[in-house]
Amino acid sequence: MTDAQRAEQRERIRGANAPWWKGGRALTDGGYITAAAPADYPFPESVSATNRIREHRMVMELHLGRALRPSEVVHHINGDRADNRLENLELYESHAAHMHEHADASASRIVVNASRTRSIPSTCRTCGVAYRTNARSTGQCAKCRAPGYEARRKR
């Protein structure tokens, strides 16, 4: 068998021609769906070296009509990482903004989880947000406490 014949044979069983083909989609260990990037995908900089792309990022890029920056985060509203419908996706400009969203969502669970932790549930006297504290607390959450801390530090 010549090299050309071997190459032709390999090409015949790749991708959609392979008997084990599952549509190019796969589930990662983290619960995200990765997909084989289409040949005519308009944002090749988002595709990995193995021609894979996370499906939720691909859906958002096609919706926006531009490539996502590496710092941008696509959030799944219902928490299901495999649900990549556009109405379930939300774009955050940075990882910090995304984590802030999760912190706000978890604030309501602080009181419920307090019995399992060593912290005491409390409410910020400035903004009224629930937060965890210890016995030496100032009565303010970290966000409200930070400006006063910076002012004292500059003295």
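Up top is the structure these notes are about.
Source: prediction; values computed, not measured.

Trainee: Give me the lowdown on the overall build of the protein chain, citing residues and values where you can.
Mentor: Within the protein chain, the regular secondary structure consists of five helices and seven strands. Helices and strands in the protein chain line up, N terminus first, as α-β-β-β-α-β-β-α-α-β-β-α. When the accessible surface of the protein chain is summed, it comes to about 11200 Å², and 53% of that surface belongs to carbon and sulfur atoms.

Trainee: Just give me the short version of the sheet that holds strand E1 (residues 25–27), but keep the residues and values in it.
Mentor: Across the sheet, which stays open at both edges, the three strands sit in the order E1-E2-E3 with antiparallel pairing between neighbours. Of all strands in the sheet, those with a lone pairing partner are E1 and strand E3 (52–54), marking the two edges. Each adjacent strand pair in this sheet contributes to an overall mean axis angle of 30°, direction not counted. One ladder, built from three bridges, connects E1 with strand E2 (residues 33–36); its direction is antiparallel.

Trainee: Could you give me a rundown of helix H2 (residues 55–64), with the residues and numbers involved?
Mentor: If you check which residues of H2 are buried, you get Glu-55, His-56, Met-58, Met-60 and Glu-61. Buried residues along H2 sit against E1, E2, E3, strand E4 (73–76) and strand E5 (89–92). Following H2 by one or two positions, Gly-65 adopts a phi angle in the positive range, close to 80°.

Trainee: I'd like a rundown of the pattern of salt bridges, residues and numbers included.
Mentor: A full pass over the atoms with the stated rule returns six salt bridges. Linking Arg-69 and Glu-72 is a salt bridge whose minimum nitrogen-to-oxygen distance equals 2.9 Å. Classification of Glu-72 as buried rests on a relative accessible area of 3%. Sharing partners across several salt bridges, the network here consists of Arg-66, Arg-69 and Glu-72.

Conventions used here
Residues numbered from 1 in each chain as written. Predicted model: local features only at pLDDT ≥ 70, side-chain atom pairs only at ≥ 80, totals over all residues. Heavy atoms only, no water. Helix = DSSP H or I, 4+ residues; strand = E, 2+ residues; numbered from the N terminus. Areas by Shrake-Rupley, 256 points an atom, 1.4 Å probe, with all protein chains shown as cover. Pairing = 2+ DSSP bridges. Axes fitted to C-alpha atoms, helices over the stretch in contact; angles between N-to-C directions. Buried < 20%, exposed > 50% of the residue type's maximum accessible area, 1.4 Å probe, protein only. Contact = heavy atoms within 4.5 Å. Salt bridge = Lys/Arg side-chain N within 4 Å of Asp/Glu carboxyl O.

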